Amino acid sequence: ELDKEGEKIRVARGGLGGSFSTDFLPSKGQKRIIHLDMKLISDVGIVGFPNAGKSSLLSKISHAKPQIAEYAFTTLKPELGKIVYSDYKQISVADLPGLIEGAHFNKGMGHKFLKHIERTKHLLFVVDVMGFQLSYKTPYRSAFETIQLLTMELQLYNKELLGKPALLAVNKMDLPNADQKFQQLVKQIENPAESLKLLPDDMIPDRPIEFKYILPVSAATGQGLDNLKSCIRKSIDEQADIELRELTQERLQSLQTESSQTVKRNLKKSLPRADH
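Conventions adopted
- Residues numbered from 1 in each chain as written.
- Predicted model: local features only at pLDDT ≥ 70, side-chain atom pairs only at ≥ 80, totals over all residues.
- Heavy atoms only, no water.
- Axes fitted to C-alpha atoms, helices over the stretch in contact; angles between N-to-C directions.
- Helix = DSSP H or I, 4+ residues; strand = E, 2+ residues; numbered from the N terminus.
- Parallel < 35°, antiparallel > 145°, perpendicular 65-115°, else oblique.
- Contact = heavy atoms within 4.5 Å.
- Nonpolar A, V, L, I, M, F, W, Y, C, P; charged D, E, K, R; others polar.
- Salt bridge = Lys/Arg side-chain N within 4 Å of Asp/Glu carboxyl O.
- Buried < 20%, exposed > 50% of the residue type's maximum accessible area, 1.4 Å probe, protein only.
- Pairing = 2+ DSSP bridges.

A. Structural detail: the packing of helix H3 (residues 143-157) against helix H4 (residues 178-190). Where H3 meets H4, the axes come as close as 9 Å, and the angle between the chain directions of the two elements is 45°. The pairing of H3 with H4 is recorded here as oblique in orientation. For the pair formed by H3 and H4, the contact residues are Ala143, Phe144 and Ile147 on the first element and Leu185, Gln188 and Ile189 on the second. In terms of residue class, the contact of H3 with H4 is made up of 5 nonpolar, 1 polar and no charged.

What follows is the structure, encoded as structure tokens:
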């Protein structure tokens, strides 16, 4: 991985220059075919199935202008936007191509989506409060099932992704009976045992995502979007404080270890040597 300024890697060795013993003919260098894989870096990565309203949400909370349409896979490449706050702090949010079941096998957008998640600091799950169905040939999934399937796809691709701080935006709250559906979803998330029993084993992740905030929103009407932006900012700041405390603790421990070793060396030097 090359993710810091100035980092280098040797991918092929050059040949030796000509010399008297080779009649000044140089030797050939190595030949390599190199595949470079770019991973987008952002503060927040939006995770969700097609038509959950991810692009619409990004366009409302940031200055990004992603393509929006009523068919699946409108987003074919990552779209990056920035949320700008009143104190001029900026938080980058990436709208990533929609997942489908089997994405960890590179189905659909597959790894083109999942590789970018590795670089995001936070995850923002966006689900349709009414559930999800890709086509008439695929099964209908409730909002709760959608969350479990998204979690499974992340887990099967890279378990470490489940350790990232996560928020949940339940979209399309402007639809009829949305409030009732949302309350039901919250209950299922808070007490998942009963609902998980009804799911097949291949839909149940090893551990559920623990959402820091569960937020009802509507990209169509703007409902809850200011609160969403505030919670994203709060989550980012909280995580930064945690990382700062951990870094400070590590440095203190390192200094204490170095100090202890220095004292031991000085003490050893000051002790009288035994005559033999």
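B. The pattern of salt bridges, seen in detail. On inspection of all chains with the given rule, the structure shows 8 salt bridges. We note a salt bridge from Lys172 to Asp128, for which the minimum N-O separation is 3.1 Å. Taken together, the residues span a long stretch of sequence, with Lys172 in the loop between strand S5 (166-171) and H4 and Asp128 in strand S4 (residues 122-128) at a distance of 44 residues. What emerges from the salt-bridge pattern is a single network uniting Asp87, Arg233 and Asp237.

C. Quick peek at the pairing of strand S3 (residues 90-95). In terms of burial, S3 is largely enclosed, as 5 of its 6 residues are buried. Pairing geometry for strand S1 (residues 44-47) and S3, over 3 bridges, is parallel. Note that in S3 the partner of Gly45 across the bridge is Ala94. Note: strand S2 (residues 79-84) against S3, 6 bridges, orientation antiparallel. Counted as the bridge partner of Ile83 is Ile91 from S3. Linking S2 back to S3 in an antiparallel pair, the connection comprises 5 residues, with Tyr88 at a positive phi of about 75°.

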